[in-house]
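# Residue-level structural notes
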Amino acid sequence: MNAVVATSVFAVFMVATVALGLLALRGRGGGGGLDEWSVGGRSLGPVFIWVLMAGEGYTSFSYLGAAGWGYNYGAPVLYVVAYMSCGYAIGYVVGPMLWSYARRHGLVGITDMVAHRFGRPWLGAVVAVLATVFLLPYIQLQITGMGVVLSVISYGAVSLNWAYFVAFAVTTGFVVVSGLRGSAWVSVLKDVLVIATLGFLALYVPLHYFDGYGPFLDRLVTEKSDWLTLPGHGGGGAGGSGLGEVWFISTTFLNSLTVVIFPTTVAGYLGARNADALRRNAMYLPAYNVLLFVPMLLGLAALFVVPGLAGAESNLALFKLVVDALPAWAVGVIGVAAALSSIVPMAVFMLVIGTMWGRSVLSLLPRLAHADRQKSAAQVVVVVAGSLALLLTYTAPNTLVRLSLISYEGMAQLLPMVLLALVWRRLTFRGAFSGLIVGVAVVCVLVFSGNDPVWGVNAGLVALAANLAVALAVTFAGRPDADPRPDAEVLADDRDEAEGRGRAGGRGEDEYAAGPG
């Protein structure tokens, strides 16, 4: 009976999610072209941009991984709050710059930007392939996260294999039909549920299991003090985690730079109506990070309630508390919030991969070069990418889980080519490309040889330092690129923000005022 109740609640909300995505297309003439599908017609207002970008940052990791890391290590998991908050501050400057550059030249992603900056369409295709390699693990991990949630809230009635397929089918169908606008609308529902459920759990769990925060925190300080300082539990010694102060600082620094050029973040930037929406968004988003403390805290609470979880089981720490303490309908609602925390970011990841390939890779083929065919090609790529992630979830889960270690570190190697090149004309194609090759090679060698962190430093930062060194050396050793275009055509700024606001007003303003209803 518990399984029937919880899964029924889950099913009702999944149907509502797909319906909301379809409703987002009302009056859009079938969803429009690639611009409408991939960046929401560049007309999303501050509220939709806020919930969309918050949705990208608050994934199933926040329900499963953050609690699991809190359970296993403790304090090191706070790097998530640190880098996201710092990244929002950097995004205050970078977001409007990328928005303006993309709008001025009709671009829809980082692959377009790279191709336009260096005047080489094939370079956008190379970056699309590389970015796909680093994004695919996130899709697989979200499939895994949502699958685990569905299996747990069904009290084991739904097997993991079927749960993975449901996660893939719901998200793929949703993103193919609704695009970025639908993801933004569903983010509203997701955020309401996330805030409500985590707020409830933050009060309920300490009261239910410990008679309040005072006894819980006293017990935590007395019995689990190792979890409250860096490098966290099991972090010291030669065989420790290596998650000490240097790792914390270097990881926060690297990820805060990388998150602003992450393809999914840029998709959120480009969906905005104007640059002011992005600046306001950067000021308000850190408030959302307060929610991240809740699963971390619940992971610590699980140390006393469900001790002995090892390996991947630690990711179930939060839901072990929920299933044991709450009625089935409440378990279903909390499961829906966790599932939507997988669907929204997974949808954006798949959307970005489809857009990159439709615009920068498949468009190089004569039959698919026409703009009218790019959206259809991108939607096909979404299905293929999701299917590949699902297949690897079944056949080789350890491969992508291991690859996820280098996702952020690998994406960081695009920083010089995507960001530095847009503000410094002297950086040459040879320099940027040589640095990219060296950076990716170094990070792969360090991670797959088990040397991450290296000397306590995040391996991605070491690789980025090598990347920059090579890029600068090759740039200054060679001749400048023979590019006749003026700086205004090549470099990024926010000088046509007012013009963009005027073009984006009209219809987008009315739609925003109308809201999801």
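Owing to the predicted nature of the structure, the values given are computational and were not obtained by experimental measurement.

### What to know about the pattern of salt bridges
Evaluated as defined, the whole model comprises six salt bridges. A salt bridge links R359 to D112, with the shortest nitrogen-to-oxygen separation between them at 3.4 Å. Note that R359 is positioned in helix α15 (residues 328-361) and D112 in helix α6 (residues 110-118), a separation of 247 residues in sequence. The buried category is assigned to D112, whose relative accessible area is 9%. The residue D191 makes a salt bridge to K190 at a minimum N-O spacing of 3.3 Å. The residues D191 and K190 share a single accessibility class, namely buried.

### Some remarks on unusual backbone geometry
The peptide bond linking L230 to P231 adopts the cis configuration, its omega dihedral lying at 5°. Along the chain, P231 falls in the loop between α9 (213-223) and α10 (245-258). The residue after D452, namely P453, is reached through a cis peptide bond having omega 5°. The phi torsion at Y155 lies on the positive side, around 55°, for a residue other than glycine. You can see Y155 is positioned in the loop between α7 (121-153) and α8 (160-210). At D211, a position not held by glycine, the phi torsion is positive, near 65°. One can find D211 in the loop between α8 and α9. Look at D211 and you get exposed, because its relative accessible area is 68%.

### Quick notes on the packing of helix α5 (residues 79-105) against helix α12 (residues 275-288)
Packing of α5 against α12 brings their axes to within 9 Å, and their N-to-C directions diverge by 175°. As summarised for this structure, α5 and α12 are arranged roughly antiparallel, according to the angle between their axes. Within the contact between the two elements, α5 uses S85, Y88, G91, Y92, G95, P96 and W99 and α12 uses A275, L278, R279, A282, M283, L285 and P286. Within the contact of α5 with α12, the residues separate by chemical class into 10 nonpolar, three polar and one charged.

### Topic: helix α20 (residues 429-448)
A rise of 1.5 Å per residue sets the reference length of α20, with its 20 residues, at 28 Å; its end C-alpha atoms lie 28 Å apart and thus fit the reference within 8%. Those residues of α20 that sit buried are F429, G431, A432, G435, L436, G439, V440, V443, L446 and V447. Angular distribution of buried residues about the axis of α20 spans 160°; they occupy a single face of the element. Relative to its buried face, α20 has exposed residues pointing more than 90 degrees away, namely R430 and V445. Residues of α20 that are buried sit in contact with α6, α7, α18 (407-411), α19 (415-423) and α21 (459-477).

### Focus: the packing of α6 against α7
With their axes 7 Å apart at the nearest point, α6 and α7 run at an angle of 150° to one another. Both α6 and α7 take part in a crossing whose hand is right-handed. Facing α6, whose interface residues are I110, T111, V114, A115 and F118, α7 presents P121, L123, G124, V127 and A128. The class makeup of the residues in the contact of α6 with α7 is eight nonpolar, two polar and no charged.

### Focus on the packing of aromatic side chains
If you walk through the whole model with that rule in mind, you get 19 aromatic pairs. Relative to Y79, the ring of W69 lies with its centre 5.9 Å away and its plane at 50°, an arrangement referred to as tilted. Note that W69 is positioned in helix α4 (residues 60-72) and Y79 in helix α5, a separation of 10 residues in sequence. Measuring from centroid to centroid gives 5.3 Å for Y79 and W247, while their planes differ by 70°, and the two rings are edge-to-face. Taken together, the positions of Y79 in helix α5 and W247 in helix α10 put the pair 168 residues apart, joining distant regions of the chain. Among the aromatic residues, those joined into a ring-pair cluster are W69, Y73, Y79, Y83, W247, F262 and Y408. Over the ring of F429 we find R120, and its NZ or CZ is 4.1 Å from the ring centre.

Cut-offs used in this document
Residues numbered from 1 in each chain as written. Predicted model: local features only at pLDDT ≥ 70, side-chain atom pairs only at ≥ 80, totals over all residues. Heavy atoms only, no water. Salt bridge = Lys/Arg side-chain N within 4 Å of Asp/Glu carboxyl O. Helix = DSSP H or I, 4+ residues; strand = E, 2+ residues; numbered from the N terminus. Buried < 20%, exposed > 50% of the residue type's maximum accessible area, 1.4 Å probe, protein only. Axes fitted to C-alpha atoms, helices over the stretch in contact; angles between N-to-C directions. Parallel < 35°, antiparallel > 145°, perpendicular 65-115°, else oblique. Contact = heavy atoms within 4.5 Å. Nonpolar A, V, L, I, M, F, W, Y, C, P; charged D, E, K, R; others polar. Expected span 1.5 Å × (residues − 1). Arc of directions from axis to C-beta. Left-handed = near helix turned anticlockwise from the far one by under 90°. Phe/Tyr/Trp six-rings, centres within 6.5 Å; stacked < 30°, edge-to-face > 60°. Lys NZ or Arg CZ within 6 Å of the ring centre and 35° of its normal.

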